[in-house]
Amino acid sequence: MNDIKLAVLGSEGVGKSALIVRFLTRRFIGEYASLTECIYRKRLTLDGRQLNVELYDPCSQVCADKSALSDQIHWGDGFLVIYDISDRSSFQAAKNILHLMREMHPGASKRDGEAAAGRPVVLVGNKQDLCHMREVDHEEGQRLAADHRCGFLELSAAEHSQEVALVFSKVVQSVCAGSKAKERRRRPSGSKSMAKLINNVFGKRRKSV
Ligand SMILES: Nc1nc2c(ncn2[C@@H]2O[C@H](COP(=O)(O)OP(=O)(O)OP(=O)(O)O)[C@@H](O)[C@H]2O)c(=O)[nH]1
């Protein structure tokens, strides 16, 4: 898989655009137009592979609308679900998004970091620089992520350029690893299929002797 779609979800003003722009340009830009949804594109080289990454940045209305949100969950190969540590209502919104992912794909949360139908999800508590105004404890974030078997970290789009790059790269890496594992599961290995063939031919004959 060389084309990877990442959706960045979360309620209004949690810093979705700030995180995406930080990842794309390494810069933090204070204000963004938020009335339109956007898809950004980036070429990435990961473990020697060229990847085309599409990043979906919804406008706030999309994240509030359940059917639009469902479309995004279908669309993405991997997800970052963002809340603002200084805004409890944004944490509740992140919870609702994770619940919806689980509702849409019940039984998918079997492997760590794969909450939505085997697709990687990381819960991100943004605006860590505002910890003096914190409304959501680190442990609450951790617990929610554990409940949904997704990754978790707190960071600040405003202050942590490296961490932001790392979390996006990690989701991309997990998507690649997941798609490789799926391919392996789909295609039986050469020796196994040869063994099956031999068994079909000779196994049956032996039975009739
Ligand atoms: N202090 C601080 N402010 C941040 C951080 N990240 C984003 N912001 C600010 O939070 C506000 C909202 O950021 P956006 O990136 O527009 O948030 P959004 O989630 O894309 O918002 P919508 O498009 O309305 O859904 C802006 O004023 C940003 O400057 C951060 O890490 N720390």
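Preceding block: the structure.
Residues numbered from 1 in each chain as written. Predicted model: local features only at pLDDT ≥ 70, side-chain atom pairs only at ≥ 80, totals over all residues. Heavy atoms only, no water.

### With respect to helix α1 (residues 16-25)
For α1, the buried fraction is high: eight of the 10 residues fall into the buried class. Buried within α1 we find Lys16, Ser17, Ala18, Leu19, Ile20, Val21, Arg22 and Phe23. In the segment just after α1, arginine 26 is the residue with positive phi, at about 65 degrees. (Buried < 20%, exposed > 50% of the residue type's maximum accessible area, 1.4 Å probe, protein only. Helix = DSSP H or I, 4+ residues; strand = E, 2+ residues; numbered from the N terminus.)

### Topic: the nonpolar core
Across soluble globular proteins, nonpolar side chains show a tendency to be buried alongside one another. Formed by 26 residues in total, the largest nonpolar core has its most connected members in Leu6, Leu51, Leu80, Phe168 and Val172. Broken down by element, the residue count for this core peaks at seven residues, all from helix α6 (residues 161-186). (Core = buried A, V, L, I, M, F, W, Y, C linked by side-chain atoms within 4.5 Å.)

### Notes on the packing of aromatic side chains
Within the structure shown, the criterion is met by three aromatic pairs. Judged by centre distance (4.5 Å) and plane angle (10 degrees), the ring pair of phenylalanine 23 and phenylalanine 168 falls under stacked. Of this pair, phenylalanine 23 sits in helix α1 while phenylalanine 168 sits in helix α6, placing them 145 residues apart in sequence. Each member of the pair, phenylalanine 23 as well as phenylalanine 168, carries the same accessibility label: buried. Lysine 42 extends its terminal NZ or CZ atom over the ring of phenylalanine 23, reaching a point 5.3 Å from the ring centre. (Phe/Tyr/Trp six-rings, centres within 6.5 Å; stacked < 30°, edge-to-face > 60°. Lys NZ or Arg CZ within 6 Å of the ring centre and 35° of its normal.)

### Focus: the environment of lysine 170
Relative to the elements of secondary structure, lysine 170 occurs in helix α6. Given a relative accessible area of 51%, lysine 170 falls into the exposed group. Between the alpha carbons of lysine 170 and valine 81 there is a distance of 14 Å; along the sequence they are 89 residues apart.

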